Amino acid sequence: MDEKYDVVVVGGGAAGLSGAVALARSRRSVLVVDSGEPRNAPAGHVHNYLGRESTPPAELLSLGRAELAGYGGEVVAATVTSVAKGDNGFEISLADGRRTRARRVLVATGLVDELPEIAGLAARWGRDVLHCPYCHGWEVRDRAVGVLSTGPMTVHQALMWRQLTDDVVVFRHTHGDFDEAPLLARGIRIVDGAVAAVEAEGDQLTGVRLESGEVVAREALAVAAPARTRADFLAPLGIEPEPVEFNGFVIGTRVPADAAGRTSVPGLWVAGNVTDMRAQVVVSAAAGLMAGAAINGELVEEEAAEAVRLREMPFSHEMEREVARANERLAEDREDARADEHQAKDREGARVTENHTQDREGARADERHAEDREGARVTENHTQDREGARADEHHTEDREGTRADDHHAEAPPFDRASWEERYRSQDGMWSGRPNDQLVTEARGLEPGHALDAGCGEGGDALWLAQQGWRVTAVDFSTTAIERGRVQAAKLGVADRITWVAADLGEWVPESKYDLVTSHFLHIPSAARTAAFARLADAVAPGGTLLVVGHDPADHHAGRPHMPDMMFTAEEVAETLDQSWASVAADNRERPAVGAEMVVRDTVLVARKR
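Keep in mind it's a predicted model, so treat the numbers as computed, not measured.

Asks: Which residues make up the sheet that holds strand E13 (residues 205–210), and what are the values?
Replies: What links the strands of a sheet is backbone hydrogen bonding, and the strands pair in either a parallel or an antiparallel sense. One open sheet holds the three strands; their spatial order is E12-E13-E14, and the pairing between them is antiparallel. Of all the strands in the sheet, just strand E12 (195–200) and strand E14 (215–217) have a single pairing partner and so form its edges. Averaged over all neighbouring strand pairs, the angle between strand axes comes to 25°, with direction disregarded. As defined by bridge partners, E12 adjoins E13 across five bridges and the pair is classed as antiparallel. From the neighbouring strand, Ala200 faces E13, where its bridge partner is Leu205.

Asks: Requested: an account of empty space enclosed by the protein, with residues and values cited.
Replies: For the structure on display, the rule yields one cavity of 30 Å³ or more. Space inside the largest cavity adds up to approximately 50 Å³. Lining of the largest cavity is provided by Leu504, Trp507, Pro509, Leu521, Ala531, Arg534 and Leu535. Within the lining of the largest cavity, the residues separate by chemical class into six nonpolar, no polar and one charged.

Asks: Which residues make up the environment of Thr165, and what values do they have?
Replies: In this structure, Thr165 sits in the loop between helix H5 (154–162) and strand E10 (168–171). The exposure class assigned to Thr165 is buried, which follows from its relative accessible area of 3%. C-alpha of Thr165 to C-alpha of Trp138: the two residues are 27 residues apart in sequence and 9.5 Å apart in space. Looking at Thr165, its side chain comes within polar contact range of the main-chain oxygen of Arg143, at 2.7 Å.

Asks: So what about the pairing of strand E24 (residues 497–501)? Which residues, and what values?
Replies: As paired elements, strand E23 (residues 470–475) and E24 share five bridges and run parallel to each other. Bridge pairing in E24 places Asp475 opposite Ala501.

Asks: Give me the sheet that holds E24: which residues, what numbers.
Replies: If you trace the seven strands from one edge of the open sheet to the other, you get E24-E23-E22-E25-E26-E28-E27, paired in mixed fashion. At either margin of the open sheet sits one strand with a lone partner, and together these are E24 and strand E27 (580–591). Geometrically, the sheet is characterised by an average inter-axis angle of 15° between neighbouring strands, direction not taken into account. Contacts from helix H12 (residues 478–491) reach E23 and E24, with the element oriented near 170° to E24.

Asks: Account for the side chain of Ser29, naming residues and giving values.
Replies: Here Ser29 shows up in the loop between helix H1 (14–25) and strand E2 (30–34). You can call Ser29 buried: its relative accessible area is 12%. Within polar-contact distance, the side chain of Ser29 engages the backbone nitrogen of Asp6 at 2.7 Å. Filtering out sequence-adjacent residues up to four positions away, Ser29 remains in contact with Tyr5, Asp6, Val7 and Arg433.

Asks: Which residues make up H12, and what values do they have?
Replies: Taking 1.5 Å as the rise per residue, H12 with 14 residues should run 20 Å; its terminal C-alpha atoms sit 20 Å apart, in good agreement. The complete set of buried residues in H12 reads Thr479, Ala480, Ile481, Gly484, Gln487 and Ala488. Of the residues flanking the start of H12, the one acting as N-cap is Ser477, its side-chain oxygen 3.3 Å from the backbone nitrogen of Thr479. Following H12 by one or two positions, Gly492 has its phi on the positive side, about 75°.

Asks: Describe in detail the nonpolar core, supporting the description with residues and values.
Replies: Among the nonpolar cores identified, the biggest contains 25 residues, and Val83, Ile92, Val105, Leu234 and Leu268 are the most heavily contacted of them. Every element with two or more residues in this core is listed here: strand E1 (4–10), E2, strand E4 (80–86), strand E5 (89–94), strand E6 (99–107) and strand E19 (268–270). In contact with Val83, other than residues within four places in its own chain, are Phe90, Glu91, Ile92, Val105, Phe233, Leu234 and Leu237. Core analysis: the next-biggest nonpolar cluster, separate from the first, contains 24 residues, Cys455, Ala465, Leu515 and Phe520 among them.

Asks: Pulling in residues and values, what's your account of the packing of H1 against helix H2 (residues 57–70)?
Replies: Where H1 meets H2, the closest approach of the two axes is 9 Å, and the angle between their N-to-C directions is 15°. Taken together, H1 and H2 sit at an angle that is classed as roughly parallel. When the axes of H1 and H2 are compared, the crossing they make is left-handed. Listed contacts from H2 to Ala14, Leu17, Ala20, Val21 and Ala24 of H1 are Leu61, Gly64, Arg65, Glu67 and Leu68.

Asks: Lay out unusual backbone geometry with the relevant residues and their values.
Replies: Although it is not a glycine, Arg27 adopts a positive phi angle of roughly 65°. Mapped onto the elements of the fold, Arg27 is located in the loop between H1 and E2. Residue class for Arg27 comes out exposed when judged on its relative accessible area of 65%. Here the phi dihedral of Asp203 falls at roughly 60°; this positive angle occurs in a residue that is not glycine. By the secondary structure assignment, Asp203 is in the loop between E12 and E13.

Asks: Describe the packing of aromatic side chains, and please don't skip the residues or the numbers.
Replies: For the structure shown, the criterion picks out one aromatic pair. Both rings, one in Phe532 and one in Phe567, keep their centres 5.2 Å apart while their planes meet at 70°; by these two values the pair is edge-to-face. One end of the pair, Phe532, is in helix H13 (residues 525–537); the other, Phe567, is in the loop between strand E26 (539–550) and helix H14 (569–573), with 35 residues separating them in the sequence. An identical accessibility class is assigned to Phe532 and Phe567; each is buried. Between the NZ or CZ atom of Arg141 and the centre of the ring of Trp138, over which it lies, the distance is 4.0 Å.

Asks: Quick rundown of the pattern of salt bridges? Include the residues and the values.
Replies: Opposite charge on two side chains allows them to pair when their charged atoms are near. All chains considered together, the criterion is met by 32 salt bridges. As a salt-bridge pair, Arg485 and Glu482 come within 3.2 Å of each other at their nearest N and O atoms. Of the two residues, Arg485 and Glu482 both sit in helix H12, three residues apart, roughly one turn of that helix. The class for Arg485 is partly exposed, based on a relative accessible area of 38%.

Asks: A description of the side chain of Asp113 should follow, citing residues and the corresponding values.
Replies: Mapped onto the secondary structure, Asp113 falls in strand E7 (residues 111–113). The contacts of Asp113, once residues within four sequence positions are left out, are Arg39, Trp125, Pro226 and Ala227.

Asks: Hey, could you go over helix H11 (residues 459–466) for me, with residue numbers and the actual values?
Replies: Of all the eight residues making up H11, seven are buried; the element is thus mostly covered by neighbouring parts of the structure. Among the residues of H11, Gly459, Asp460, Ala461, Leu462, Trp463, Leu464 and Ala465 are the ones counted as buried. Check the buried side of H11 and you find it contacts helix H10 (436–442), strand E22 (449–453), E23, H12, E24 and strand E25 (513–519). Gly468 sits one or two positions beyond H11 and adopts a positive phi of about 110°.

Asks: I'd like to hear about the confidence of the model for the chain, residue by residue, with values.
Replies: Here the chain averages 82 in pLDDT, while 79% of its residues score no lower than 70. The model gives residues 350–414 a pLDDT under 50, and that stretch makes 171 contacts with residues more than four places away or in other chains.

Calculation rules
Residues numbered from 1 in each chain as written. Predicted model: local features only at pLDDT ≥ 70, side-chain atom pairs only at ≥ 80, totals over all residues. Heavy atoms only, no water. Pairing = 2+ DSSP bridges. Helix = DSSP H or I, 4+ residues; strand = E, 2+ residues; numbered from the N terminus. Axes fitted to C-alpha atoms, helices over the stretch in contact; angles between N-to-C directions. 1 Å grid on protein atoms, 1.4 Å probe; cavity = no way out; pocket = protein on both sides within 12 Å on 5 of 7 lines; lining within 4 Å. Points joined across faces, edges and corners; volume = space filled by probe spheres on them. Nonpolar A, V, L, I, M, F, W, Y, C, P; charged D, E, K, R; others polar. Buried < 20%, exposed > 50% of the residue type's maximum accessible area, 1.4 Å probe, protein only. Polar contact = N/O pair within 3.5 Å; in protein donor to acceptor, adjacent residues only side chain to side chain. Contact = heavy atoms within 4.5 Å. Expected span 1.5 Å × (residues − 1). Core = buried A, V, L, I, M, F, W, Y, C linked by side-chain atoms within 4.5 Å. Parallel < 35°, antiparallel > 145°, perpendicular 65-115°, else oblique. Left-handed = near helix turned anticlockwise from the far one by under 90°. Phe/Tyr/Trp six-rings, centres within 6.5 Å; stacked < 30°, edge-to-face > 60°. Lys NZ or Arg CZ within 6 Å of the ring centre and 35° of its normal. Salt bridge = Lys/Arg side-chain N within 4 Å of Asp/Glu carboxyl O. pLDDT = per-residue confidence, 0-100.

Pasting the structure below:
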């Protein structure tokens, strides 16, 4: 069970599995939580399901689970105790203490039949004590059938069974006020008195015993039992089942929803008997499909709106492309500045000594040469999670507050305050899932101490902590780190993660780690070697270094084309010394989240001796 899904389906019957399959086939991450208590479990077979006629209920569910698994969906055997709604979706709590989150929830928990308290009746339910002529009528055709009168459906029910057999008896029992004329006209006998028990021999119903002691021979008994929806766990959301009435008589309850299954709580959907007590198995399956399709459509629209918002915001991919072009213009202006500087030296005879040092923390201009040949330098630390949504960009100026020449292109605003504002402007940028390459490489490692360099809102750090790792998570943005800290507390792993707010262009690890991981950390080439060298040096003997970036050649996937900020795994590999037992560098394709395209990562995996 993962930490977050697109959709969690509560209930693994026909409606729930059908909705889950529809969602999984649309490439949604889906979890089905099933308590293993299907309403039709006592029945021998499912009927009126085209292509699956007479399939045992358990077999139908097994086939459905297999179909779901084939599309990547998951099923866990558990009971949901609560569903809570937050700013970023739902938190679902299970009876065994586990929790998960979802963008949407589909409830398909069905009904519970409230059987009359008649001795022996519950034991025969679904076998020869029946409720639906369409579900069971063919199997008892031409046999002696009784109808237990418990409500306003008596006449309708008796006439339906009379279509299947000539031998129908209505037991007046506790609801004797009904129109007898149509029954008598159809040759249906009426028996007065309350029913005390049903009798059976050799695992077969043989008769109905009245309180008077009289036994009326019958081979099947039809009971229209009230049905209560299984939805108590939705009460904290304000979802209260409403009564279903027939002729002023309550015959059951349902969760109110529209035709597609949408409830009054945004993001919460229902399907099947939980909202439609008349739905047979095939109808419930169809309702699950409709709800699943509607949920996927809602998510598609939500993702498109978010893409538009990101595209139009100041730090969109389009803006990053503009940054690249601005950097190119800035480089040209620097060359012009150099030429002007040399001419000035010749004319004035002035002597200028240039001391330009570059240490491991990144390039820093000499104080005595505030407007040196390099102009204003931009350091971008761009950290991005699996969906390309996390970013850290750092803009450092020298200590004298240098400015580019008037004819220099103006540097884009990538300072700390700008990025803090970017995080604060939206509820969250993390997709809720760890990066693919981390999961691939770390899943088989023995948990130890890990460094997540450029952690953003903590997706990778949280996943590592849940796998048993102790994690040091470092990022430029304090807002992102605080969100990661809050989420760690919710997931119960706060004691396993140390959060550090620091500029990775300057920060030096103080410990050695069994795993050092960095995803999409983009800094200029002048400082990149030193930065990655610090990360490599932080790997303990026997440890693993994982460095992942966007493949510079993957322009078609919408990645910003910023050559000086991009790198290949091969370039990183060439900087490693002989202390490494193995070094592997390659490109790996993966599906982009929220878009029908494939993106390519450049991946370095190195094991230290």
